[in-house]
Amino acid sequence: MIFNCLTIFPEMFSGFTGTSLCEKAIAKGLVEINAVNFRDYTEDKHNRVDAYPFGGGAGMLLMPQPLFSCFSALGEQYAGKKTRNVYMSPAGCVLTQEKAAEFSGYEVVNILCGHYEGVDQRVLDHLIDEEISIGDYVLTGGELPAMVLMDCVMRYVPGVLSNDESLSEESFSGGLLEYPQYTRPSSFQGMDVPEVLLSGHHKNIAAWQREQALLKTLVCRPELLEKAELTKEDLKTLERLKKQT
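These lines cover the structure that appears in this document, whether it is placed above or below. (Residues numbered from 1 in each chain as written. Predicted model: local features only at pLDDT ≥ 70, side-chain atom pairs only at ≥ 80, totals over all residues. Heavy atoms only, no water.)

Turning our eyes to something else, we now look at the nonpolar core. In terms of nonpolar packing, the biggest core is built from 30 residues, with Phe3, Ile111, Met150 and Met154 touching the most fellow members. Listing elements by their share of this core, those giving two or more residues are strand E1 (2–7), helix H2 (20–27), strand E5 (83–94), helix H4 (97–103), strand E6 (108–112) and helix H6 (143–154). Among the elements that make up this core, the one with the highest residue count is H6 (seven residues). Counting residues in each nonpolar core, the second largest holds 20 residues, with Leu67, Tyr78, Leu112 and Leu127 among its members. (Core = buried A, V, L, I, M, F, W, Y, C linked by side-chain atoms within 4.5 Å. Buried < 20%, exposed > 50% of the residue type's maximum accessible area, 1.4 Å probe, protein only. Helix = DSSP H or I, 4+ residues; strand = E, 2+ residues; numbered from the N terminus.)

Another point: the environment of Pro180. On the secondary structure map, Pro180 appears in the loop between helix H7 (164–169) and strand E8 (187–188). Here Pro180 falls in the partly exposed class, since its relative accessible area comes to 27%. Apart from residues no more than four positions distant in its own chain, Pro180 is found in contact with Trp208 and Gln212. (Contact = heavy atoms within 4.5 Å.)

Any two side chains of opposite charge can pair if their charged atoms end up close together. In total, this model carries ten salt bridges according to the counting rule given. The shortest N-O distance in the salt bridge between Asp44 and Arg48 comes to 3.2 Å. Relative accessible area serves as the criterion here: at 22%, Asp44 is assigned to the partly exposed category. Arg48 gets classed as partly exposed once you look at its relative accessible area, which sits at 42%. Here Lys99 makes a salt bridge to Glu102, at a shortest N to O gap of 3.6 Å. Residue Lys99 and its partner Glu102 are located together in helix H4, separated by three residues, close to a single helical turn. Through salt bridges that share partners, Arg84, Lys99, Glu102 and Glu130 make up one connected network. (Salt bridge = Lys/Arg side-chain N within 4 Å of Asp/Glu carboxyl O.)

Taken together, the side chains of Met12, Tyr137, Leu139 and Leu144 make up a nonpolar region of the molecular surface, amounting to roughly 360 Å² of accessible area. With respect to the secondary-structure elements, Leu139 resides in the loop between strand E7 (130–133) and H6. Residue class for Leu139 comes out partly exposed when judged on its relative accessible area of 37%. (Patch = residues over 30% accessible without salt bridge, like charges linked within 9 Å, V, L, I, M, F, W, Y side chains within 5 Å. Areas by Shrake-Rupley, 256 points an atom, 1.4 Å probe, with all protein chains shown as cover.)

Taken as a whole, this structure holds one aromatic pair when the rule is applied. With a centroid separation of 6.4 Å and an interplanar angle of 50°, the aromatic rings of Phe103 and Tyr106 are classed as tilted. Accessibility expressed as a relative area gives 2% for Phe103, which makes it buried. Note that Lys82 overlies the ring of Tyr106, its terminal NZ or CZ placed 5.0 Å from the centroid. (Phe/Tyr/Trp six-rings, centres within 6.5 Å; stacked < 30°, edge-to-face > 60°. Lys NZ or Arg CZ within 6 Å of the ring centre and 35° of its normal.)

The subject of this paragraph is the sheet that holds E1. Taken in spatial order, the five strands line up as E2-E1-E6-E5-E7 in an open sheet, and their pairing is parallel. Lying at the two open borders of the sheet, with one neighbouring strand each, are strand E2 (32–37) and E7. Pairs of neighbouring strands in the sheet enclose a mean axial angle of 30°, with direction left out of account. Packed onto the sheet, H6 meets E1, E2, E5 and E6 and runs at close to 175° relative to E1. (Pairing = 2+ DSSP bridges. Axes fitted to C-alpha atoms, helices over the stretch in contact; angles between N-to-C directions.)

Cis peptide bonds are those with omega within 30 degrees of zero, and the linkage from Arg184 to Pro185 qualifies with 0°. Within the fold, Pro185 resides in the loop between H7 and E8. The backbone of Asn47 shows a phi angle near 65°, a positive value even though the residue is not glycine. With respect to the secondary-structure elements, Asn47 resides in the loop between E2 and strand E3 (50–51). Positive phi is not limited to glycine here, since Tyr116 has a value of about 65°. Tracing the backbone shows Tyr116 in the loop between E6 and helix H5 (121–126).

Spelled out as structure tokens, the structure:
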């Protein structure tokens, strides 16, 4: 899978691509991440990519010409590949686990990282397929949100995760938060691991984990339960948990 991050600060991605899961995915040839400096595409004699907005207003806007030229070059380079053009913006739809899984179905994702006060609307109207937000707050630029998007999406690329079960069991899979987990020692400073986890009884452990996932979601993010994949047994468990909390 190929990610192209259109940015005027390509150096921001060096730490991300050179560490942890991302570094391993790149080394395996499963993921390719390119920081594309769209300043290289400007035709302005002063090498500018931004200008004051018509009609007044605070700050500067990214001009259309460098971005149209940059996207055009990428379109030619990756012609024939299933591509999605994304703009990281607080005005976009919020990134979810389901949305990340959807993005993993593309061969190429071009991510525009905005700066200043935004981007000329013609870029959004004619080049961008979708605007994505990582939350209701404003950041200096789109580079950090782009990294969040890529980290989330690449986990769906086959072979990136060493344990295929990790993705299916972690938070938001099936619409629920992940159940509490414990490791050695079984007793630490008077705090003990739940006995069921030490029993070796897989059916009982699975039942406990499901109940705890329901409980954590009910307490921390109850709104998720409206869209979660729940069985009749889950619904009965939730009714009991609601009475207990």
